[in-house]
Every structure is written in C-alpha cells, then in structure tokens.
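Observations on the model geometry
Single-letter residue listing:
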Amino acid sequence: IYNTIKINASPDRIWKTLTDLESVQYYNPSVKRARYISKNKEGIGASRESELKPKGKIKERVTSCDSKKKIIEMMNFFGGENIPVKLERLNSMGT
C-alpha cells in the first residue's frame, strides 16, 4: 500500500509531528486517541497505543528512525511488516 498526501508545511515541521507519536490522533482520521506506552518518547523503541474508530486498538513501536533522511518505520506489536513513512519534497510542478 502506498499513499501520498500534500502538506503545506516545512519538512522539519512535518518530521516533528510524525515523531511525536501521540499526534497521530490529530492527522489520522482512523485514530480516536493515542498515548505513549514506553518510557522513551522518541527514537527506536518509542511505543504508542492507538484507540481506533469505530473500535479497536493497535500497539506500535518505532523500529527505525533516520532524521537526516526523514524516514521513520513502525511495527505493530503483534508482528507484521515495518511500515515506512518517508518525507519527500515535491518539485514546483507537484510531481
């Protein structure tokens, strides 16, 4: 699955939002509430539990985080594949 969205903000501001794991509740309409479930709040090992709409929960942890390349990967606690999130700047034509 591949998804692209355009955001009118600097890459640094977007990166700050993505790495604040609780902020997912503000930009993902499928998430009702999110909270940290780990002591560390950033980087590899940072973990969250998200309450989903209309019901259900998911626990995820950061498995890879590269601030220079602006890539963060998360894995569901129940296994599965890493979910990479990568920021890419579009050219002036939007492609």
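Note that the structure is a prediction, hence the values are computed from the model and not measured.

**Examining the overall build of the protein chain**
A count of helical and extended segments in the protein chain gives two helices and five strands. Listing the helices and strands of the protein chain from first to last along the sequence gives α-α-β-β-β-β-β. In the protein chain, buried positions account for 22% of the 95 residues. A sequence separation of at least 24 residues applies to 21% of the contacts in the protein chain between residues at least 6 apart. Carbon and sulfur atoms form 51% of the exposed surface of the protein chain, whose accessible area is close to 7300 Å².

**Thoughts on the nonpolar core**
If you look at the biggest cluster of nonpolar residues, it comprises seven residues: W15, L21, Y36, A46, V62, I72 and M74. Excluding residues that lie within four positions of it along the chain, V62 makes contacts with L21, G43, I44, G45, A46, I72, E73 and M74.

**Topic: the pairing of strand β2 (residues 47-52)**
In summary, the side chains of a regular strand alternate between the two faces of the sheet. Here five bridges tie strand β1 (residues 31-36) to β2, and the two strands are oriented antiparallel to one another. Each residue of the ladder has a partner; that of R35, found in β2, is E49. In this sheet, strand β3 (residues 57-66) lies alongside β2 in antiparallel orientation, the contact comprising five bridges. Counted as the bridge partner of E49 is K59 from β3.

**Some remarks on the confidence of the model for the protein chain**
Put simply, the protein chain has an average pLDDT of 82, and 77% of its residues get 70 or more. Mean pLDDT across the secondary structure elements of the protein chain bottoms out at strand β5 (residues 83-86), with 68, and peaks at β1, with 96.

About the cut-offs
- Residues numbered from 1 in each chain as written.
- Predicted model: local features only at pLDDT ≥ 70, side-chain atom pairs only at ≥ 80, totals over all residues.
- Heavy atoms only, no water.
- Helix = DSSP H or I, 4+ residues; strand = E, 2+ residues; numbered from the N terminus.
- Buried < 20%, exposed > 50% of the residue type's maximum accessible area, 1.4 Å probe, protein only.
- Contact = heavy atoms within 4.5 Å.
- Areas by Shrake-Rupley, 256 points an atom, 1.4 Å probe, with all protein chains shown as cover.
- Core = buried A, V, L, I, M, F, W, Y, C linked by side-chain atoms within 4.5 Å.
- Pairing = 2+ DSSP bridges.
- pLDDT = per-residue confidence, 0-100.

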